[in-house]
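This is what each chain is made of:
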Amino acid sequence: MRYGSALVVAAAVAAGTAYGVTVPQRTDVPFLATPSDGRYDFPALARPLPPVGKPAPGDDANAGQVHYGDLRRYLLPAPKGAVVKEDGWEPVTDFMSAIQSPVMPGRFYDAGLRRIAWRGWTTPDGQHTVVELLQFPDHDAAFTSEDVLKTWAPPKVGKREDGPPIVTVPAFGDLTQEVAMRKFDEVEGLPGQVERRAVFRDGDVVAIVTTTAPKLVGDLPTDQVLLLQAEMLR
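Keep in mind that what you see is a predicted model, and the values were worked out from it rather than measured.

## Things to note about the nonpolar core
- Grouped together as the largest cluster of nonpolar side chains are 28 residues, with contacts concentrated most on Leu76, Leu133, Phe200 and Leu226.
- Secondary structure elements with two or more residues in this core: β5 (115-122), β6 (128-135), β7 (166-170), β10 (193-202), β11 (205-214) and α4 (220-233).
- Of the residues forming this core, the biggest block, 7 residues, is contributed by α4.
- When residues no more than four places from it in sequence are discounted, the contact partners of Leu226 are Val167, Val169, Met181, Ala198, Phe200 and Val209.
- Membership of the second largest hydrophobic core comes to 19 residues, among which are Phe95, Ile99, Ile116 and Ala142.

## Structural notes on the confidence of the model for the protein chain
- With 77% of its residues at a pLDDT of at least 70, the protein chain reaches an overall mean of 80.
- Note on residues 1-23: pLDDT is under 50 here. Beyond four places in sequence and across chains, it has 46 contacts.
- A low-confidence stretch, residues 26-34 stays under pLDDT 50, and its non-local contacts, those more than four residues away or across chains, total 10 contacts.

## Points about the environment of Asp138
- Counting through the fold element by element, Asp138 comes out in the loop between β6 and α3 (139-151).
- Taking relative accessible area as the criterion, Asp138 reaches 27% and is therefore assigned partly exposed.
- Each C-alpha atom of the pair Asp138 and Gln65 lies 6.4 Å from the other, and the pair is 73 residues apart in sequence.
- The contact partners of Asp138, leaving out residues within four places of it in the chain, are Gly64, Gly203 and Asp204.
- Of note is the side chain of Asp138, whose polar atom sits 2.9 Å from the backbone nitrogen of Ala141.

## Digging into the packing of aromatic side chains
- For the coordinates displayed, the defined rule picks out 2 aromatic pairs.
- An angle of 80° between the planes, with centres 6.3 Å apart, marks the rings of Phe42 and Trp121 as edge-to-face. Of this pair, Phe42 sits in the loop between β2 (16-22) and β3 (45-46) while Trp121 sits in strand β5, and the two are 79 residues apart along the sequence. Summarising the burial analysis for this pair, Phe42 and Trp121 share the class buried.

## Some points on the environment of Tyr40
- Structurally, Tyr40 can be placed in the loop between β2 and β3.
- For Tyr40, a relative accessible area of 9% gives the class buried.
- In this structure, the C-alpha to C-alpha distance between Tyr40 and Gly81, residues 41 residues apart in sequence, is 9.1 Å.
- Not counting residues up to four positions away in its chain, the partners in contact with Tyr40 are Pro79, Thr123, Asp125, Gln127, Pro221 and Gln224.
- A polar contact of 3.1 Å, which involves the side chain of Tyr40, links it to the side chain of Thr123.

## Comments concerning the pattern of salt bridges
- Across all of its chains, the model carries 9 salt bridges by this definition.
- With a shortest N-O distance of 2.7 Å, Arg119 and Asp87 are connected by a salt bridge. Within this pair, whereas Arg119 is found in strand β5, its partner Asp87 is found in strand β4 (residues 83-89), the two being separated by 32 residues in sequence.
- For Arg119, a relative accessible area of 16% puts it in the buried group.
- Judged by its relative accessible area of 47%, Asp87 falls in the partly exposed class.
- As a salt-bridge pair, Arg196 and Asp219 come within 2.6 Å of each other at their nearest N and O atoms. Pair noted here: Arg196 is in strand β10 and Asp219 is in the loop between β11 and α4, with a separation of 23 residues, a long-range link.

## Details of the sheet that holds strand β9 (residues 182-184)
- Spatial strand order, β4-β5-β6-β11-β10-β9: 6 strands in an open sheet with antiparallel pairing. Looking along the sheet, the strands with just one partner apiece sit at the ends: β4 and β9. Each strand axis lies, on average, 15° off the axis of its neighbour in the sheet, ignoring direction.
- Pairing of β4 with β5 involves 6 bridges; the strand directions are antiparallel. Bridge assignment links Val84 to a residue of β5, and that residue is Trp121.
- In the packing of α3 onto the sheet, the strands contacted are β6, β9, β10 and β11, and the crossing angle to β10 comes to about 160°.

Rules used in this analysis
Residues numbered from 1 in each chain as written. Predicted model: local features only at pLDDT ≥ 70, side-chain atom pairs only at ≥ 80, totals over all residues. Heavy atoms only, no water. Core = buried A, V, L, I, M, F, W, Y, C linked by side-chain atoms within 4.5 Å. Buried < 20%, exposed > 50% of the residue type's maximum accessible area, 1.4 Å probe, protein only. Helix = DSSP H or I, 4+ residues; strand = E, 2+ residues; numbered from the N terminus. Contact = heavy atoms within 4.5 Å. pLDDT = per-residue confidence, 0-100. Polar contact = N/O pair within 3.5 Å; in protein donor to acceptor, adjacent residues only side chain to side chain. Phe/Tyr/Trp six-rings, centres within 6.5 Å; stacked < 30°, edge-to-face > 60°. Salt bridge = Lys/Arg side-chain N within 4 Å of Asp/Glu carboxyl O. Pairing = 2+ DSSP bridges. Axes fitted to C-alpha atoms, helices over the stretch in contact; angles between N-to-C directions.

The following block contains the structure:
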């Protein structure tokens, strides 16, 4: 990883198996007893189990790579000390109205966009993070929408910086995928702040991670959220 690694801890829970995902404090790792490097302190995480009788998104029996059950359970929780701003279901109509394009909303409707779960929070360093999970009928429908979302820029942001950093996130099995994190050097109404935006797909879900923060807050917290959210969706 470019800025550090996320530690994935596997644990058995009850009759099923859930996977814990966490990032240790640097002071808890031998030879890394240094001051905080900017990563957030998340609570212990567990990847959701599918409903009884339904396969996990990565199972061979799940041809559409569908995330069954309540999509909100796949959202990364807010880190410790953060104030939650958005939570639950984001109205699809609100999401569509924010897209200033006469073509894109129709493409999402054609792809069968079903629902959007989101969670947003503000941390003491001033960064506001919003995670949106867009669910489609299957992985093929999500694939057709992923590229559209990658190239779309929110209307409130200014010029994009050249050379967006590449973050490697886990995918199914032993595979990984590279995600370009686009950074915008100005945000309307928020002088001195930058916005970072990354889009990646996992099965029938396209995830959008958007962070808005003072320029002094680096890329590392956004990278951390990307890695952990990718693990929650696996």
